[in-house]
Amino acid sequence: MDNSYVSLISTNPQHSSNSVLTNLATRVSSTLEKSTGKKHLTDSNPETCWTSREGPGQYIHLTFEKPAIPKRITIIFQGGFVGTKCRIEVSESSDRPEWQTWTHIHPEDANRRQTFDLIIHRDRFPGEGIQSMKLVFEESSDFYGRITIYELKIEGLLL
């Protein structure tokens, strides 16, 4: 693991020394019920999770406090409820995001930590970093399209 990367989304005060960006705005497409809400995506508690409602196009929208360049995504899904095709969109703006597709990741239908290095394609990534990032789950291993995530970490560089 590259030690020059910082956590871009930790909202847990206990981990604030490892994270520069603690003021993170998180939005999700849906939540199955209150006990599986979006706050559980970044609470660093392995017992809690976010679960979406059914349907295609579930997403997680993150707004960073400062411009950043994400370099790595780590996700723990619940097997059977995995976003098996995920489109990553980015925007330079947080106020009125103009989304552009950056890349795709393809998580396995597994109950384990999965890490994806994000390759910078100069023609598809804003030069001054981004303030908003969206993970759009285009396909799910669940017949009804639900997604369940126990951990979401994004590491990268601060500008």
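Analysis parameters
Residues numbered from 1 in each chain as written. Predicted model: local features only at pLDDT ≥ 70, side-chain atom pairs only at ≥ 80, totals over all residues. Heavy atoms only, no water. Helix = DSSP H or I, 4+ residues; strand = E, 2+ residues; numbered from the N terminus. Contact = heavy atoms within 4.5 Å. Areas by Shrake-Rupley, 256 points an atom, 1.4 Å probe, with all protein chains shown as cover. pLDDT = per-residue confidence, 0-100. Salt bridge = Lys/Arg side-chain N within 4 Å of Asp/Glu carboxyl O. Buried < 20%, exposed > 50% of the residue type's maximum accessible area, 1.4 Å probe, protein only. Phe/Tyr/Trp six-rings, centres within 6.5 Å; stacked < 30°, edge-to-face > 60°. Lys NZ or Arg CZ within 6 Å of the ring centre and 35° of its normal. Core = buried A, V, L, I, M, F, W, Y, C linked by side-chain atoms within 4.5 Å. Pairing = 2+ DSSP bridges. Polar contact = N/O pair within 3.5 Å; in protein donor to acceptor, adjacent residues only side chain to side chain.

K.L.:
Help me understand the overall build of the protein in this model?
P.N.:
Counting its regular elements, the protein contains 0 helices and 9 strands. Listing each helix as α and each strand as β along the protein from the N terminus yields β-β-β-β-β-β-β-β-β. Taking contacts inside the protein between residues at least 6 apart in sequence as the whole, the part at least 24 apart equals 73%. With the model as given, the accessible surface of the protein reaches about 8,300 Å², and the carbon-plus-sulfur share is 45%.

K.L.:
Quick question: what am I supposed to make of the confidence of the model for the protein here?
P.N.:
Should pLDDT be low for a region, the predicted coordinates there are not to be read in detail. Confidence in the prediction for the protein averages 87 pLDDT; 84% of positions are at 70 or higher. Averaged pLDDT values over the elements of the protein bottom out at 87 in strand S1 (residues 6–7) and peak at 97 in strand S3 (residues 50–51). Note on residues 13–21: pLDDT under 50 across the span, and 20 contacts to partners over four residues away in sequence or across chains.

K.L.:
Please clarify how the pattern of salt bridges should be interpreted in this entry.
P.N.:
Two side chains carrying opposite charge are able to pair once their charged atoms lie near each other. Applying the stated criterion to the full structure yields 8 salt bridges. As a salt-bridge pair, Asp117 and Arg72 come within 3.4 Å of each other at their nearest N and O atoms. Placement of the pair is Asp117 in strand S7 (residues 113–117) and Arg72 in strand S4 (residues 58–77), with a sequence separation of 45 residues. On the basis of relative accessibility, which here comes to 9%, the residue Arg72 falls in the buried class. The residue Glu108 makes a salt bridge to Arg112 at a minimum N-O spacing of 2.8 Å.

K.L.:
Can you help me understand the packing of aromatic side chains in this one?
P.N.:
What describes a pair of aromatic rings is the distance from one ring centre to the other and the angle between the planes of the rings. For the structure shown, the criterion picks out 2 aromatic pairs. Ring geometry for Phe143 against Tyr144: centres 5.1 Å apart, planes inclined by 85°, an arrangement best described as edge-to-face. Here Phe143 falls in the exposed class, since its relative accessible area comes to 75%. Its guanidinium or amino end placed over the ring of Tyr59, Lys134 lies 4.8 Å from that ring's centre, counting from NZ or CZ.

K.L.:
Teacher, can you tell me more about the nonpolar core here?
P.N.:
Here is a general trend for soluble globular proteins: nonpolar side chains tend to be buried in one another's company. By size, the foremost hydrophobic cluster in this structure holds 29 residues, and its most contacted members are Ile60, Ile73, Met133, Phe137, Ile149 and Leu152. The set of elements that each furnish at least two residues to this core consists of S4, strand S5 (83–91), strand S6 (100–105), strand S8 (130–140) and strand S9 (148–158). Here this core takes 7 residues from S4, the largest share from any one element. Discounting chain neighbours no more than four positions away, the residues touching Ile149 are Leu41, Cys49, Trp50, Ile60, Ile75, Ile76, Phe77 and Phe137.

K.L.:
I keep staring at the pairing of S5 and nothing clicks. Help me out?
P.N.:
For a regular strand, side chains alternate in direction, first toward one face of the sheet and then toward the other. Pairing of S5 with S8 involves 8 bridges; the strand directions are antiparallel. The residue bridging Val90 from the neighbouring strand is Met133, located in S8. As judged from the 5 bridges shared by S5 and S6, these two strands associate in the antiparallel manner. Of the residues in S6, the one forming a bridge with Arg87 is His104.

K.L.:
Honestly, the side chain of Ser91 in this entry has me stumped. Any pointers?
P.N.:
With respect to the element layout, Ser91 can be found in strand S5. Here Ser93 takes part through its backbone oxygen, which lies 3.2 Å from a polar atom of the side chain of Ser91. A distance of 3.1 Å separates the side chain of Ser91 from the backbone nitrogen of Glu98, its partner in a polar contact.

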